Amino acid sequence: MSEVEASLREIKEELKEIRSLYKELIERIIPVETPLSDEKKAIESRDEIVSEDELMKALD
């Protein structure tokens, strides 16, 4: 095995470890929660797209 191959393997292993640690950190900061039934309904439903005029009227 050449020196380059050994270095690449080390880098690959370190990247795996970094990804794992990053994933753990994110899961601690932002826990994954299952949505409530009304939240599921809102996520799955298709929203109606409004025009710019309607949006401006609503913001006035």
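Thresholds applied
- Residues numbered from 1 in each chain as written.
- Predicted model: local features only at pLDDT ≥ 70, side-chain atom pairs only at ≥ 80, totals over all residues.
- Heavy atoms only, no water.
- Helix = DSSP H or I, 4+ residues; strand = E, 2+ residues; numbered from the N terminus.
- Rg over C-alpha atoms; globule rule 2.2 N^0.38 Å.
- Buried < 20%, exposed > 50% of the residue type's maximum accessible area, 1.4 Å probe, protein only.
- Areas by Shrake-Rupley, 256 points an atom, 1.4 Å probe, with all protein chains shown as cover.
- Lys, Arg positive; Asp, Glu negative; His and termini not counted.
- Charge placed at Lys NZ, Arg CZ, Asp CG, Glu CD.
- Salt bridge = Lys/Arg side-chain N within 4 Å of Asp/Glu carboxyl O.
- Patch = residues over 30% accessible without salt bridge, like charges linked within 9 Å, V, L, I, M, F, W, Y side chains within 5 Å.
- pLDDT = per-residue confidence, 0-100.

Engineer: Help me understand the overall build of the chain, please; the structure alone is not making it clear to me.
Structural biologist: Counting its regular elements, the chain contains 3 helices and 0 strands. Put simply, the chain runs from its N terminus to its C terminus through helices and strands in the order α-α-α. Here the chain has a C-alpha radius of gyration of 24 Å; the compact-globule value for 60 residues is 10 Å, and the former is much larger. For the chain, the spread of C-alpha atoms along the three principal axes comes to 70 × 30 × 20 Å. Taking all 60 residues of the chain together, 0% fall into the buried category. Counting every atom, the chain has about 6,600 Å² of accessible surface; 56% of that belongs to carbon and sulfur. Of the side chains in the chain, 10 bear a positive and 18 a negative charge, and the two mean positions are spaced by 7 Å.

Engineer: Can you walk me through the pattern of salt bridges in this structure?
Structural biologist: Side chains that differ in charge, positive against negative, can pair when their charged atoms come close. Enumeration over the complete set of coordinates arrives at 1 salt bridge. Residues Glu13 and Lys16 are paired through a salt bridge, measuring 3.9 Å at the closest nitrogen-oxygen approach. On the criterion of helical spacing, the pair formed by Glu13 and Lys16 is a turn pair, its members being 3 residues apart in helix H1 (residues 3-29). For Lys16, a relative accessible area of 43% translates into the label partly exposed.

Engineer: Before we go on, may I ask you to explain a negative patch on the surface in this structure?
Structural biologist: A cluster of acidic residues, Glu48, Glu52, Asp53 and Glu54, forms a negative patch on the protein surface. Its place among the elements puts Glu54 in helix H3 (residues 52-59). Look at Glu54 and you get partly exposed, because its relative accessible area is 45%.

Engineer: Would you take a moment to explain the confidence of the model for the chain for this structure?
Structural biologist: Detailed reading of the predicted model is not advised wherever pLDDT is low. For the chain, per-residue confidence averages 91 on the pLDDT scale, and residues scoring 70 or more make up 100% of the total. Ranking the elements of the chain by mean pLDDT puts helix H2 (residues 37-44) last, at 88, and H1 first, at 95.

Engineer: Which parts of the structure should I look at to understand the environment of Met56?
Structural biologist: Residue placement: Met56 occurs in helix H3. We classify Met56 as partly exposed; its relative accessible area is 45%. Linking Met56 and Lys40, residues 16 residues apart in sequence, is a C-alpha distance of 29 Å.

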